[in-house]
Amino acid sequence: MYFSSPEELKKIIPICDGVWNKDYLYEYLVWDSNIEFEEYINSFFQDYLDNENLANLLFSFLLDDYYDGSDCQMGAARLISKMDKHLLQTKKELLIQAQSNEVEWKRPFSDEEYLDWLL
């Protein structure tokens, strides 16, 4: 989808009654790489950084070859890096898988940050 402004993106909300809409979440992750949308998207996700269902969806985007090279993977990696560390510790295997990716921008954390709190 094309959105010319954050106001247009606001018309689709990726969560409703506690259920995430994967298609809308995909759009938010793709548009996260656009500086014009960054403030709105960061603000939107602020209340969900400890949401396990969101974490699961982010890892599903990041680790699925279907999305390989998509901006949604870059957005997923960035958002994972902001998520609650206690929640991420419960996703240790997925996080280790993401961190071991040979593509640097698919790794949510720099090696130093990652190793300090996860192990």
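This report concerns the structure included in the present document. (Residues numbered from 1 in each chain as written. Predicted model: local features only at pLDDT ≥ 70, side-chain atom pairs only at ≥ 80, totals over all residues. Heavy atoms only, no water.)

Observations regarding the packing of helix H4 (residues 52–63) against helix H7 (residues 92–99)
Relative placement of two packed helices is described by the angle separating their axes and the distance separating the axes. Here is the rule: Under this scheme, a helix contributes an axis fitted over its contacting stretch, all axes are lines through C-alpha atoms, and angles between N-to-C directions fall in the 0 to 180 degree range. Only DSSP runs of H or I reaching four residues or more are called helices, and only runs of E reaching two or more are called strands; each is numbered from the N terminus. Roughly parallel means an angle under 35 degrees; roughly antiparallel means over 145; roughly perpendicular covers 65 to 115; every other angle is labelled oblique. Whether a crossing is left-handed or right-handed is set by the direction in which the near helix is turned from the far one by less than a right angle, anticlockwise for left-handed and clockwise for right-handed. Any two residues whose heavy atoms approach within 4.5 Å at even a single point are treated as in contact. Lys, Arg, Asp and Glu make up the charged group, whereas Ala, Val, Leu, Ile, Met, Phe, Trp, Tyr, Cys and Pro make up the nonpolar group; the residues left over, Gly among them, are polar.
Where H4 meets H7, the axes come as close as 11 Å, and the angle between the chain directions of the two elements is 30°. Here H4 lies roughly parallel to H7, going by the angle between them. Handedness of the crossing formed by H4 with H7: left-handed. Contacts between H4 and H7 involve Phe59, Leu62 and Leu63 on the former and, on the latter, Leu94, Leu95, Gln97 and Ala98. Among the residues making up the contact of H4 with H7, the classes are represented as 6 nonpolar, 1 polar and no charged.

So, the environment of tryptophan 31
To be explicit about the condition: Burial classes follow relative accessibility: with a 1.4 Å probe on protein chains only, a residue under 20% of its type's maximum area counts as buried, one over 50% as exposed, and anything between as partly exposed.
Within the secondary structure, tryptophan 31 sits in helix H2 (residues 22–31). Overall, tryptophan 31 belongs to the buried group, its relative accessible area being 11%. Separated by 29 residues in the primary sequence, tryptophan 31 and tyrosine 2 have C-alpha atoms spaced 9.2 Å apart. Sequence-distant contacts of tryptophan 31, defined by excluding residues within four places in its chain, comprise Met1, Tyr2, Phe3, Leu9, Phe37 and Ile41.

A word on the side chain of glutamate 27
Where we set the bar: Positive charges are assigned to Lys and Arg, negative charges to Asp and Glu, while His and the chain termini are left out of the count. Any carboxyl oxygen of Asp or Glu that lies within 4 Å of a side-chain nitrogen of Lys or Arg is treated as forming a salt bridge with it.
Along the chain, the position of glutamate 27 falls in helix H2. For the buried glutamate 27, no salt bridge exists, and the shortest N-O distance to an oppositely charged side chain is 13 Å, to arginine 78. When sequence neighbours within four positions are dropped, the list of residues in contact with glutamate 27 reads Met1, Phe3 and Ile12.

Concerning the pattern of salt bridges
For the structure shown, the criterion picks out 3 salt bridges. Across the pair lysine 106 and aspartate 68 runs a salt bridge, and its minimum N-O distance is 2.3 Å. With lysine 106 in the loop between H7 and helix H8 (111–118) and aspartate 68 in the loop between H4 and helix H5 (71–82), the pair connects residues that are 38 residues apart, well separated along the chain.

Focus: the packing of aromatic side chains
Note the following rule: In this analysis, rings of Phe, Tyr and Trp, with Trp reduced to its six-membered ring, are considered paired at centre separations within 6.5 Å, and the interplanar angle assigns stacked below 30 degrees, edge-to-face beyond 60, and tilted for intermediate values.
For the coordinates displayed, the defined rule picks out 15 aromatic pairs. Between phenylalanine 3 and tryptophan 31, the ring centres sit 5.9 Å apart and the planes meet at 80°, which makes this aromatic pair edge-to-face. Residue phenylalanine 3 is located in the segment before helix H1 (6–9), and its partner tryptophan 31 is located in helix H2; the two are separated by 28 residues in the primary sequence. Each ring, one from phenylalanine 44 and one from tyrosine 48, has its centre 5.5 Å from the other, and the planes form 35°; the classification is tilted. What makes phenylalanine 44 buried here is its relative accessible area of 13%.

Quick word on empty space enclosed by the protein
Just so we agree on the cut-off: Buriedness for pockets is judged along seven lines, at least five of which must meet protein on both sides within 12 Å for an open set on the 1 Å grid over protein atoms alone, while cavities are sets there where a 1.4 Å probe fits but cannot get out, and lining residues have an atom within 4 Å of a point. Grid points are joined across faces, edges and corners, and a volume is the space filled by probe spheres set on the points.
Inspection of the entire model under this criterion finds 1 cavity of 30 Å³ or more. Estimates place the volume of the largest cavity at around 50 Å³. Looking at the largest cavity, the residues that line it are Leu29, Asp32, Ile41, Asn42, Phe45, Gly75, Arg78, Leu79 and Lys82. Top contributing element to the lining of the largest cavity by residue count: H5, with 4 residues. Among the residues forming the lining of the largest cavity, the class breakdown is 4 nonpolar, 2 polar and 3 charged.

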